[in-house]
Amino acid sequence: MNPAVGRTPRDVLLESLLGRLREFVASPLTPGSQVLRGLLPPAERDRGPRVVLWDGQDLGTSYALEIPLLDDDGEEIPHDHFIAALRACIAQRAALGPPFPDEAFAVPVFDARPHFLSTVDAPPLTLADAVYLPLLSLGPASEPAPVSDDVEEEADGDGEGDGAEWRLLGFMVVDERYARYYVRWTETGEVWGLDFCMRDEAGTVDSRGGTADMIFPALASSHDLERFQRPVSDIRCQAVYDLTAWC
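Since the model is a prediction, treat every value here as computed from it, not as a measurement.

Caption draft 1: Looking closely at the overall build of the protein chain. For the protein chain, the count of helices and strands is 5 helices and 10 strands. Taking all contacts inside the protein chain whose residues are at least 6 apart in sequence as the whole, residues at least 24 apart take part in 50%.

Caption draft 2: Representation of the pairing of strand β8 (residues 178-185) within the structure. β8 sits mainly inside the fold: 7 of its 8 residues count as buried. As paired elements, strand β7 (residues 165-173) and β8 share 7 bridges and run antiparallel to each other. Bridge assignment links arginine 167 to a residue of β8, and that residue is arginine 184. Count of turn residues in the β7/β8 antiparallel hairpin: 4 residues. Two elements, β8 and strand β9 (residues 190-197), share 8 bridges in a ladder whose sense is antiparallel. Paired with valine 183 across the strands is tryptophan 192, a residue of β9.

Caption draft 3: Quick peek at helix α5 (residues 212-221). Those residues of α5 that sit buried are Ala212, Phe216, Pro217, Leu219 and Ala220. What you see down the axis of α5 is that its buried residues fit within an arc of 160 degrees, all on one side. Its buried side turned inward, α5 meets α4 (127-138), β7, β8 and β9.

Caption draft 4: Layout of helix α1 (residues 9-21). Taking 1.5 Å per residue, 13 residues should reach 18 Å; α1 reaches 18 Å between its end C-alpha atoms and fits that length. Residues of α1 that are buried: Leu13, Leu14, Leu17, Arg20 and Leu21. Seen from one end, α1 has its buried residues packed into an arc of 125 degrees, which puts them on one side.

Caption draft 5: Highlighting the nonpolar core. Counting 26 residues, the largest nonpolar core has Leu21, Leu65, Ile67, Leu86 and Phe116 as the members making the most contacts within it. Of all the secondary-structure elements, those providing two or more residues to this core are α1, β1 (35-40), β2 (50-54), β3 (63-66) and α2 (79-91). Ranked by residues supplied to this core, first place goes to α2 with 6 residues. Those residues within four positions of leucine 65 in sequence are excluded, and the remaining contacts are Pro49, Arg50, Val51, Leu53, Leu86, Cys89, Ile90, Leu96, Phe110 and Ala112. In terms of nonpolar packing, the next biggest core, distinct from the first, is built from 25 residues, Leu125, Tyr181, Leu225 and Tyr241 among them.

Caption draft 6: Spotlight on the environment of arginine 236. Inspection of the secondary structure puts arginine 236 in the loop between α5 and β10 (239-242). Those residues in contact with arginine 236 that sit more than four places away from it in its chain are Tyr182 and Val191.

Caption draft 7: Structural view of the sheet that holds strand β5 (residues 108-111). The strand order across the open sheet built from 5 strands is β1-β2-β3-β5-β4, with neighbouring strands paired in mixed fashion. The strands lining the two open edges of the sheet, one partner per strand, are β1 and β4 (100-101). Pairing between β2 and β3: 4 bridges, direction antiparallel. Bridge pairing in β3 links valine 51 to leucine 65.

Caption draft 8: Local environment of the confidence of the model for the protein chain. Averaged over all residues, the pLDDT of the protein chain equals 80, while 85% of them reach at least 70. Within the protein chain, the lowest mean pLDDT, 46, falls on strand β6 (residues 145-146), and the highest, 96, falls on β3. In this model residues 141-163 is a low-confidence stretch, pLDDT under 50, and it forms 25 contacts with partners more than four residues away in sequence or in other chains.

The rules we used
Here the residue numbers are simple positions, counted from 1 along each chain's written sequence. This being a predicted model, a pLDDT of at least 70 is required before a residue's local features are given, and a value of 80 or more before pairs of side-chain atoms are given or counted; all residues contribute to the totals for chains, interfaces and linings. Note: side-chain values were computed over all heavy atoms of the structure, leaving out hydrogens and water. A run of H or I in DSSP counts as a helix once it spans at least four residues, and a run of E counts as a strand once it spans at least two, with each numbered from the N terminus. What makes two residues a contact is simply this: any of their non-hydrogen atoms within 4.5 Å. Residue burial is assigned from relative accessible area. The probe radius is 1.4 Å, only protein chains are included, and a residue is buried under 20% of its type maximum, exposed over 50%, and partly exposed in between. Pairs of strands are assigned from DSSP output, requiring at least two bridges between the strands. Working definition: the arc comes from the directions between the helix axis and the C-beta atoms, pointing outward to the latter. The length a helix should cover is 1.5 Å for every residue beyond the first. Nonpolar cores are built from buried Ala, Val, Leu, Ile, Met, Phe, Trp, Tyr and Cys residues. Side-chain atoms within 4.5 Å join them into one set. Along the chain, pLDDT gives the predictor's confidence residue by residue, from 0 to 100.

Structure (structure tokens):
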């Protein structure tokens with residue numbers, strides 16, 4: 001039996017990207033109902049992976065965008081910026097130049113790398129992107145997310161960590177400005193509503209919700225969260241905290 005081949009850095013990036021993109025197999029990536037037909041890992045001759053799109057009904061509408069995995073500095077591209085830059089490339093497909101054929105599949109391929117990299121530093125985020133970022137940051141409801149990676153080091157004698165955890169239970173877009181995320185703080189069993197800002201004071205979509213997993217547990221663990229309690233009633237939680245100044 002051949003020895004197992006370890007995961008390469010490119011494999012890790014592709015796995016992460018696939019985890020983010022797979023939701024668009026059934027859900028539209030753009031208002032024009034573009035959905036994901038495939039994500040092709042790069043072959044030796046390719047300049048990057050290829051995101052294959054179609055309208056979800058007619059395979060004849062398919063085309064592929066060749067995109068980079070890293071930015072100009074060789075750094076991993078944040079997922080929210082990646083999706084926004086991908087949408088920008090879809091919207092500007094006519095300006096990407098003539099397509100060329102894929103060697104294995106009958107789809108036209110557009111080299112989207114230059115436009116993608118020129119967009120990724122300041123991508124046009126939508127309100128839906130801003131709503132999604134705290135969901136991504138706070139973690140799936142199926143797995144408790146630890147406050148930090150140091151829980152094992154803080155374990156007591158019986159082998160169980162004493163660090164608190166939270167579970168993401170739900171969310172609601174309250175208005176054009178902010179959304180509320182419901183979490184259960186496992187140390188007390190209480191359900192809290194966390195209000196995160198979706199737009200800044202100028203009305204521009206705000207991406208700071210992607211740091212929710214750092215701001216919220218730090219405030220909760222230091223008992224500073226109480227200072228941000230909002231005087232509102234929500235029957236789905238014991239308290240609501242206004243974190244719009246932070247995220």
